[in-house]
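Observations on the model geometry
So the chains spell out like this:
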Amino acid sequence: MTTALINGKIFTGTQWLENHAVIIQGEHILTLCDAQNLPNDLQTVIDLAGHRLIPGLIDTQVNGGGGVLFNNDPSVTSIKTIGAAHRQFGTTGFYPTLISDDLSVIAQAIDAVDHAIRQKVPGVLGIHIEGPFLNPERKGVHDASKFKIIDEAAFELLTSLKIGKTLITIAPELTTPQMIKRLVDAGVVVSAGHSAATYEQTKVALAAGLRSFTHLFNAMTPFTSREPGMLGAALESVDSFCGIIADGHHVHPASIKVAHRAKAKGKLVLVTDAMPSVGSADKNFMLNGELIQCNNGKLTTATGTLAGSDLDMLKAIKYTCQNVGIALEEAIRMASEYPAAMMDEKLLGTIKAGNFASMILIDAQFNLLRSWINGSEE
């Protein structure tokens, strides 16, 4: 089936196009063409009514949504529910994220993601395993009783996903450069977080293949005058990516602005760290036997510890533009092109011929009007 999307303001990832059409054939974008020269074999023409068509948003850190926490039910059904919840807010690609848990639960989660991708559950691209290979000194809301060291059994598990990409968050100071390199060589994207690593330890991990940093500023050693810490190493690094939670609770807008200026272009990535509250009428939920409450969009334990976020990707873009002062085009790239690059998703993140037809239509107030995942609105 060949479909033309016409009469929209198209942001390709590099420029805005007007009086152009996006031609979709099957799962892919066939071409972009002048709206006056549409192909003759079109089955469908969709009028975008002058709204903004932008690349689909990619979230690399999604703990839950639609009332579901992935840890509580690591199944294909949960992945479908989480994906559908986030699709309402512009996410067309996501990595279900497992918070620190037993290896048996990680195995279930990997198996569920493998089956979900085989079944073509909309949007699922792989898995993010955030822990349990973390440092209790920077545990955040994670259950430190689950924490482990990466041994051979863990290595085999972390490299066992058959389809899709695996992203893991580890404390690099608690493993070896050799293990990091082995994981990277096996195709795993290794990210640092919940870590007490020094600047020098982080530099060693980067040299071994560490590719990214999980929720920059949060749960890592800070930047100081004589010890730049993990934060300093992350900002200094030219090649690494940094995820950041732009919700007004995790990071001050000035800190986001400084990070954006410091990082090499294309390396700061918006993430949600979303919990079950996103896309759910019930904003409170249980985590590790503890009630997590939502107050003015902020999720915390009874003692005030942040417990993920109630953030969605369109809200993250809006906040980045309106509160941080980053240009709309760059904020869109931070939620589409840059996470695709981080995960080496070569056919996602921009609107161009040959890419998967994963796009969203939004209005000037950042409301989602329509979405396509691999050419489908279903």
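See the structure printed just above.
1. Re the sheet that holds strand E5 (residues 28–34)
Strand pairing in a sheet is mediated by backbone hydrogen bonds. Such pairs are either parallel or antiparallel. Read across the open sheet, the four strands follow the order E5-E4-E1-E6; overall the sheet is mixed. Each end of this open sheet is capped by a strand with a single partner; those strands are E5 and strand E6 (44–47). In this sheet, adjacent strand axes meet at a mean angle of 25° when their direction is disregarded. The sheet contact formed by strand E1 (residues 2–6) and strand E4 (residues 20–25) spans four bridges and is antiparallel. Bridge pairing in E4 links Thr 2 to Gln 25.

2. Re the environment of Lys 267
If you trace the backbone, Lys 267 turns up in the loop between helix H7 (253–262) and strand E17 (268–271). Taking the C-alpha atoms as reference points, Lys 267 and Glu 337, separated by 70 residues in sequence, lie 10.0 Å from one another. If we ignore the near neighbours within four places in the chain, the residues touching Lys 267 are Val 238, Asp 239, Ser 240, Phe 241, Cys 242 and Tyr 338. From its side chain, Lys 267 meets the backbone oxygen of Asp 239 in a polar contact 3.4 Å long.

3. Digging into the sheet that holds strand E3 (residues 16–17)
Taken together, five strands build an open sheet; the order of strands is E3-E2-E7-E21-E22 and the sheet is mixed. The two strands at the open ends of the sheet, each matched to only one other strand, are E3 and strand E22 (368–372). Where strand E7 (residues 52–55) lies against strand E21 (residues 359–362), four bridges are found, and the strand directions are antiparallel. What sits directly across from Ile 54, in E21, is Ile 360.

4. Remarks on helix H2 (residues 103–118)
Residues separated by three or four positions in an α-helix point in the same direction, a consequence of the helix having 3.6 residues per turn. Between its first and last C-alpha atoms H2 spans 23 Å; for 16 residues at 1.5 Å apiece the expected length is 22 Å, and the two agree. Every buried residue of H2 is listed here: Val 105, Ile 106, Ala 109, Ile 110, Ala 112, Val 113, Asp 114, Ala 116 and Ile 117. Residues of H2 that are buried make contact with helix H1 (76–87), strand E11 (91–99), strand E12 (126–130) and helix H3 (152–158).

5. Overview of the nonpolar core
In this structure, Ile 79, Leu 183, Phe 213, Leu 216, Leu 270 and Ile 317 are the most contacted members of the largest nonpolar core, which totals 89 residues. Per-element tally for this core: the top contributor is H2, with eight residues. Excluding its chain neighbours within four sequence positions, the residues that come into contact with Leu 183 are Ile 150, Phe 155, Leu 158, Thr 159, Ile 168, Val 188 and Val 190.

6. What to know about the packing of aromatic side chains
Throughout the structure, instances matching the rule amount to one aromatic pair. Measuring from centroid to centroid gives 5.0 Å for Phe 11 and Trp 16, while their planes differ by 40°, and the two rings are tilted. Classification of Phe 11 as buried rests on a relative accessible area of 0%. Directly above the aromatic system of Phe 155 lies the positively charged group of Arg 182, at a separation of 4.0 Å from the ring centroid.

7. Things to note about the packing of helix H4 (residues 177–185) against helix H5 (residues 199–208)
H5 packs onto H4 with a crossing angle of 35° between their chain directions and a minimal axis gap of 8 Å. Along this stretch, H4 crosses H5, giving a crossing that reads as right-handed. Together, Pro 177, Ile 180, Lys 181 and Val 184 of H4 and Val 204, Ala 205 and Ala 208 of H5 make up the contact between the two elements. Tallied by class, residues from the contact of H4 with H5 come to six nonpolar, no polar and one charged.

8. Examining the pairing of strand E19 (residues 290–295)
Across three bridges, strand E18 (residues 285–287) lies against E19 in antiparallel orientation. Bridge pairing in E19 links Met 286 to Leu 291. Here E18 hands over to E19 after two residues, with Asn 288 in that stretch at a positive phi of 50°. Inspection of the sheet shows E19 paired to strand E20 (residues 298–300) by three bridges, in the antiparallel sense. By the bridge assignment for E20, Asn 295 is matched with Lys 298. Taken together, E19 and the strand that follows it, E20, pair antiparallel across an intervening segment of two residues, in which Asn 296 is found at a positive phi of about 55°.

Reading the values: the criteria
In this numbering scheme, every chain counts its residues from 1 along its sequence in written order. pLDDT decides what is reported in this predicted model: residues at 70 or higher carry local features, side-chain atom pairs at 80 or more are listed and counted, and totals for whole chains, interfaces and linings draw on all residues regardless. The basis for every side-chain value is the complete set of non-hydrogen atoms in the structure, without hydrogens or water. For two strands to count as paired, DSSP must find a minimum of two bridges between them. For the purposes of this entry, the term helix denotes a DSSP run of H or I that reaches at least four residues, the term strand denotes a run of E that reaches at least two, and both are numbered from the N terminus. Comment: axis = line fitted to C-alpha atoms, over the contacting stretch for helices; angle = value between 0 and 180 degrees taken between N-to-C directions. We call two residues in contact when some of their heavy atoms are within 4.5 Å. We define a polar contact as two N or O atoms separated by no more than 3.5 Å, with the added condition that, inside protein, one atom must be a possible hydrogen donor and the other a possible acceptor, whereas residues neighbouring each other in sequence contribute only through side-chain atom pairs. An expected span of 1.5 Å times one less than the residue number is assigned to each helix. For the exposure calls, accessible area comes from a 1.4 Å probe over protein chains only, and a residue counts as buried if that area is under 20% of its type's maximum, exposed if over 50%, partly exposed in between. Nine residue types can take part in a nonpolar core, namely buried Ala, Val, Leu, Ile, Met, Phe, Trp, Tyr and Cys, and a core is a set of them joined through side-chain atoms within 4.5 Å. The rule is short: rings of Phe, Tyr and Trp, with Trp giving its six-membered ring, pair when the centres are within 6.5 Å, and they are stacked under 30 degrees, edge-to-face over 60, tilted in between. Placement of a charge over a ring requires the Lys NZ or Arg CZ to be within 6 Å of the ring centre, with the centre-to-atom vector within 35 degrees of the ring normal. In this scheme the crossing of two helices becomes right-handed for a clockwise turn of the near helix relative to the far one and left-handed for an anticlockwise turn of less than a right angle. Residues are sorted three ways: Asp, Glu, Lys and Arg are charged, Ala, Val, Leu, Ile, Met, Phe, Trp, Tyr, Cys and Pro are nonpolar, and all the rest, Gly among them, are polar.

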